Amino acid sequence: MAKRKTTAKSRSARSTKSSNKNKKINFASKYKRSTLVIFALVFANIGALTLVFSQASSSGLSNSVEVDQYNRINNHRASHGKGALYRSGCITDFARVHAKKMGDQRNLHHSNYGPGVSYACSDGSNWTAMAENVGKSYVGSGGLSASSASVFQAYLNSSGHHANIDDSSNYRFNFVGTAGYQNSYGELWTVHIYVTCTNCGGKWKSVPTNAGEPSSSTTSTATPAGADHAAVKRGNTYYLSAGHSGGTYKSFGFGDSSDIPVFCDWNGDGIDTPGVYRRSNSNFYISNQFTSFGASDSSKKQFSFGNGGLGDIPVCGDWNGDGIDTVGVYRPGESRFYLTDNFTSYGASTSKRTFTFGRGTTDIPVIGDWNGDGKDTVGVYRPKEGGRWYLTNEFSSYGSSTSKYTFLYGQTTGDEPITGDWNNNGKDTVGVQRGATFYLTNNTTGGATHYQFNFGRSSDQPLSGVWRK
């Protein structure tokens, strides 16, 4: 079979202090943008990547490639100590237009990205630096996923493309737009546009990474038996969903409106039931019934744990794999988890765990069994990095390289994290509540949204659990 190589081009940005040998492009008058000096780096057949060619059965813009390129950019940056780039809708739109243009013309070339982005993002904001990577690959037997991975590796193998991804010239890029387009010849055309804009708003606003734009081919309404379901707490009332298509299965009152909810399997019967943490007295109130916490509830437990006055956030999970969930708290001021295997104040020395994780007040704690070993471990959701998740399989600061996960799923503002085993495969994954809509994925790598549905109200607190076997 014939083999093809991945091809790509990069264009790097330069400030107005750059050498006069480079071409000056001034958009300040017409586009109200800063003067840039831009030069092009052309790399043909870079990376010596070989993919077996196969005729494509379909063509069009690929949401999965777009998201994959964006995630790979920020995952690579994170591994080199760089901050995450926000995903701009208007830059993404322009990247999509150019990717399609290249694919339809079968001509790898740079866009007129200065005025193009200025037009797409025309809301009075000013950018100060911009750069672009464009690439072409062939869709082989591994499909779009393998092709997207190969073209990104080709970018990394090229110094010019790599410099744009890492921002090694320190232009302080803070926005990026990505796109992927598959044409009818089995070719994948990709675009990255990197932008520095310190006062951008409006159309430049950070948009969903992947949760907000699920591909219709990946979403489903079917709820596997025994899977976790979404729920919400409104005031002191819980509403449990009937599945991944919305609808209410059950509602009941529990605790006070100011209580922070938790939902776990307190007795090992496989059914999650309610609990709350009351910061005013640092007490947990938990029950094995779907009822209020009254005198008739013989299954109820009440005990003190943590320090509500320090802003402790309650969590629950099966820390030791015995099938029974217990509690813990995350103390933002210390970036520290405190976990116990008992329903007591803090347990004996053999039953408690404490360790630092995350960045305190900027992170939201999450819990799940990420690897399917029967034990829940911890993680955090970091909105300020564009909806980035940090998960670990260990009770330690961030775990070894083989036990941690970091990926983007969600957006900078407006999303509330949620975790659960949505497909009942034994492993917990993630999701977000955005307004009154839930977006759930079966991956711990970002990627596609598998379930999307409306449930509750935007002001509700999201939860998850198993209440239907």
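Predicted model only: the values in this text are computed from it and were never measured.

A few points about the nonpolar core
Residues Ile91, Val117, Ile193, Val195 and Trp204 are the most contacted members of the largest nonpolar core, which totals 23 residues. Here this core takes six residues from helix α2 (residues 89-105), the largest share from any one element. Not counting chain neighbours up to four residues away, the residues in contact with Val195 comprise Ile91, Trp127, Ala129, Met130, Phe173, Asn174, Phe175 and Trp204. Phe152, Leu156, Phe173 and Val176 belong to the second-largest nonpolar core, a separate cluster that totals 15 residues.

So, the packing of aromatic side chains
Throughout the structure, instances matching the rule amount to 20 aromatic pairs. On the basis of an interplanar angle of 75 degrees and a centroid distance of 6.3 Å, the ring pair of Tyr238 and Phe254 is categorised as edge-to-face. Pair noted here: Tyr238 is in strand β12 (residues 237-241) and Phe254 is in the loop between β13 (248-253) and β14 (260-264), with a separation of 16 residues, a long-range link. Here Tyr381 and Trp389 contribute two aromatic rings whose centre-to-centre distance is 4.8 Å and whose plane-to-plane angle is 55 degrees, an arrangement assigned as tilted. Classification of Tyr381 by relative accessible area gives buried; the value is 0%. Its end group placed over the ring of Tyr285, Arg278 keeps NZ or CZ at 4.4 Å from the ring centre. The residue whose ring lies beneath Arg353 is Phe395, and the NZ or CZ to ring-centre distance is 4.8 Å.

Focus: the sheet that holds strand β27 (residues 429-434)
Spatial ordering of the open sheet is given by β26-β27-β28-β29, a layout of four strands whose pairing is antiparallel. In this open sheet, the two strands that pair with only one neighbour each are β26 (415-420) and β29 (451-454). Strand-to-strand twist across the sheet, computed as the mean angle between neighbouring axes with direction ignored, equals 20 degrees.

As for the environment of Lys250
Tracing the sequence through the fold places Lys250 in strand β13. Residue Lys250 is classed as partly exposed on the basis of its relative accessible area of 28%. For the pair formed by Lys250 and Leu240, sequence separation is 10 residues and the distance between their alpha carbons is 5.3 Å. Each residue touching Lys250, except ones within four places of it in the same chain, is listed here: Tyr238, Tyr239, Leu240 and Phe290.

Structural notes on the packing of helix α4 (residues 143-157) against helix α5 (residues 159-166)
The axes of two packed helices give the description: the angle between them and the distance between them. Across the interface, α4 lies against α5 with an axial gap of 5 Å and an inter-helix angle of 100 degrees. Comparing the axis directions of α4 and α5 gives the class roughly perpendicular. Where α4 abuts α5, its residues Phe152, Tyr155, Leu156 and Asn157 lie against Ser159, His161, His162 and Ile165. Here the contact of α4 with α5 is built from residues that sort into four nonpolar, four polar and no charged.

As for the sheet that holds strand β15 (residues 273-278)
As a general point, the strands of a sheet are linked pairwise by backbone hydrogen bonds and lie either parallel or antiparallel. Strand order in the open sheet formed by four strands is β14-β15-β16-β17, with antiparallel pairing between adjacent strands. The sheet terminates laterally at β14 and β17 (301-304), the two strands that pair on one side only. Across this sheet, the average inter-strand angle for adjacent strands is 20 degrees, counted without regard to direction. Relative to β17, strand β16 (residues 283-286) runs antiparallel, the two sharing four bridges. Paired with Ile286 across the strands is Lys301, a residue of β17.

Cut-offs applied
Residues numbered from 1 in each chain as written. Predicted model: local features only at pLDDT ≥ 70, side-chain atom pairs only at ≥ 80, totals over all residues. Heavy atoms only, no water. Core = buried A, V, L, I, M, F, W, Y, C linked by side-chain atoms within 4.5 Å. Buried < 20%, exposed > 50% of the residue type's maximum accessible area, 1.4 Å probe, protein only. Helix = DSSP H or I, 4+ residues; strand = E, 2+ residues; numbered from the N terminus. Contact = heavy atoms within 4.5 Å. Phe/Tyr/Trp six-rings, centres within 6.5 Å; stacked < 30°, edge-to-face > 60°. Lys NZ or Arg CZ within 6 Å of the ring centre and 35° of its normal. Pairing = 2+ DSSP bridges. Axes fitted to C-alpha atoms, helices over the stretch in contact; angles between N-to-C directions. Parallel < 35°, antiparallel > 145°, perpendicular 65-115°, else oblique. Nonpolar A, V, L, I, M, F, W, Y, C, P; charged D, E, K, R; others polar.

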